[in-house]
Amino acid sequence: MISPIGVCRQPSSSKRALIAVTVVPRRQFIAPCLWVGESGSLVWQPRSCSVERGVIGQEYRMTQAITHLSIGLGWDPAHANGLHPRRKDIDLNVAALSFAGENFVDVAFHEQLTSRDGALRHLGDSVTGDGDGDNEVIVVDLALLDPVVTTIVFLVTCYTGQRFDQIANGFCRVVDNVTGIELVRVDLDSVGAHTGIVVGKLHRPYQDWAFTLIGQPIIAQHVVNAVPQLGAYLH
């Protein structure tokens with residue numbers, strides 16, 4: 001049985017939006033949006049992303065300012081039997097992109113492991129998903145960040161082109177490394193027929209940095225394909 005447990009407001013420049021959070025099996029949260037249009041009517045727009053921990057559109061700020069954060073990505077390798085027949089290896093990638101306003105500044109991903117300022121560090125590329133836990137991790141040290149940066153966007157793409165609903169046990173999670181608290185965890189299987197997802201962003205809506213969960217599916221196999229789709233999340 002699904003039961004509502006809360007409602008939070010999502011900032012919007014042109015519309016008011018409510019995110020209704022519901023409890024579903026496996027302790028996953030599905031966050032559909034109820035938009036209040038210009039005519040005053042409610043427009044229901046479901047999200048394609050199932051979130052095990054976290055609320056889409058909510059800002060996460062710790063008692064102390066966020067200073068050191070990581071995003072982990074994990075998935076199971078392709079298998080020769082079962083629901084995921086082996087056709088080719090599954091290669092997911094996690095990336096962190098920094099922006100100054102709407103202008104791209106730098107990136108850490110599998111082709112450039114460290115940003116020029118040293119604030120974004122990719123700890124190593126996995127091309128198969130072999131191994132338990134996080135297969136790829138990006139660490140963010142905000143103390144090293146170029147002061148011109150206003151937003152850091154996190155995304156996951158499938159370089160080999162499989163849709164997320166074709167990949168077993170895919171997940172990404174964001175952790176505050178100072179407290180050890182897992183802020184959000186996203187089940188990638190629920191993203192469906194997409195090859196990319198904008199996971200969330202670090203930004204400064206106030207004086208301190210905050211993390212906001214976005215959870216927006218996109219069609220992109222590489223960072224280059226994703227960058228033109230990120231403009232809406234840089235404000």
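Residues numbered from 1 in each chain as written. Predicted model: local features only at pLDDT ≥ 70, side-chain atom pairs only at ≥ 80, totals over all residues. Heavy atoms only, no water.

A. Spatial organisation of the packing of aromatic side chains. Per the counting criterion, the structure on display carries two aromatic pairs. Arg-185 extends its terminal NZ or CZ atom over the ring of Phe-171, reaching a point 4.3 Å from the ring centre. (Phe/Tyr/Trp six-rings, centres within 6.5 Å; stacked < 30°, edge-to-face > 60°. Lys NZ or Arg CZ within 6 Å of the ring centre and 35° of its normal.)

B. The arrangement of the confidence of the model for the chain in detail. The predicted model of the chain averages 74 in pLDDT, with 65% of residues at 70 or higher. With pLDDT under 50 throughout, residues 1-54 is counted as low confidence; its partners more than four residues away or in other chains account for 120 contacts. (pLDDT = per-residue confidence, 0-100. Contact = heavy atoms within 4.5 Å.)

C. Molecular detail of the environment of Leu-230. Relative to the helices and strands, Leu-230 is located in the segment after α1 (223-226). On the basis of relative accessibility, which here comes to 0%, the residue Leu-230 falls in the buried class. Linking Leu-230 and Val-198, residues 32 residues apart in sequence, is a C-alpha distance of 8.0 Å. The contacts of Leu-230, once residues within four sequence positions are left out, are Leu-97, Phe-99, Val-153, Leu-155 and Val-198. (Helix = DSSP H or I, 4+ residues; strand = E, 2+ residues; numbered from the N terminus. Buried < 20%, exposed > 50% of the residue type's maximum accessible area, 1.4 Å probe, protein only.)

D. Up close: the nonpolar core. Judged by nonpolar contacts, the single largest core of 38 residues is most densely connected at Leu-92, Ile-152, Phe-154, Val-156, Leu-188, Leu-202 and Phe-211. No other element matches strand β13 (residues 151-158), which puts four residues into this core. One finds Val-107, Ile-218, Ala-220 and Ala-226 within the second-largest nonpolar core, a separate group that totals 16 residues. (Core = buried A, V, L, I, M, F, W, Y, C linked by side-chain atoms within 4.5 Å.)

E. How the structure looks around the pattern of salt bridges. Inspection of the entire model under this criterion finds five salt bridges. When the shortest N-O distance is used, the salt bridge between Asp-165 and Arg-163 registers 3.0 Å. In this structure, Arg-185 and Glu-182 form a salt bridge, with 3.2 Å as the shortest nitrogen-oxygen distance. Where salt bridges share partners, they join Asp-134, Arg-173, Glu-182 and Arg-185 into one cluster. (Salt bridge = Lys/Arg side-chain N within 4 Å of Asp/Glu carboxyl O.)

F. Molecular detail of the pairing of strand β16 (residues 196-203). In terms of burial, β16 is a largely internal element, eight of the eight residues being buried. Relative to β16, β13 runs antiparallel, the two sharing seven bridges. Of the residues in β16, the one forming a bridge with Ile-152 is Leu-202. Pairing analysis gives seven bridges linking β16 to strand β17 (residues 210-218), with the strands arranged antiparallel. By the bridge assignment for β17, Val-198 is matched with Gln-216. Counting the residues in the hairpin turn of β16 and β17 gives six residues. (Pairing = 2+ DSSP bridges.)

G. Up close: the environment of His-110. Structurally, His-110 is set in the loop between β10 (103-108) and β11 (120-122). Classification of His-110 as buried rests on a relative accessible area of 19%. For the pair His-110 and Leu-92, spaced 18 residues apart in sequence, the C-alpha separation works out to 10.0 Å. Within the structure, His-110 has its side chain in polar contact with the side chain of Asn-93 (distance 3.5 Å). (Polar contact = N/O pair within 3.5 Å; in protein donor to acceptor, adjacent residues only side chain to side chain.)

H. How the structure looks around the side chain of Ser-70. As for its placement among the helices and strands, Ser-70 is situated in strand β8 (residues 68-74). Judged by relative accessible area, Ser-70 falls into the buried class, the value being 9%. Reaching out from Ser-70, the side chain makes a polar contact with the side chain of Asn-177 at a distance of 3.0 Å. Here Ser-70 is in contact with Val-137, Ile-138, Val-139, Arg-173, Val-174, Val-175 and Asn-177, once residues within four sequence places are set aside.

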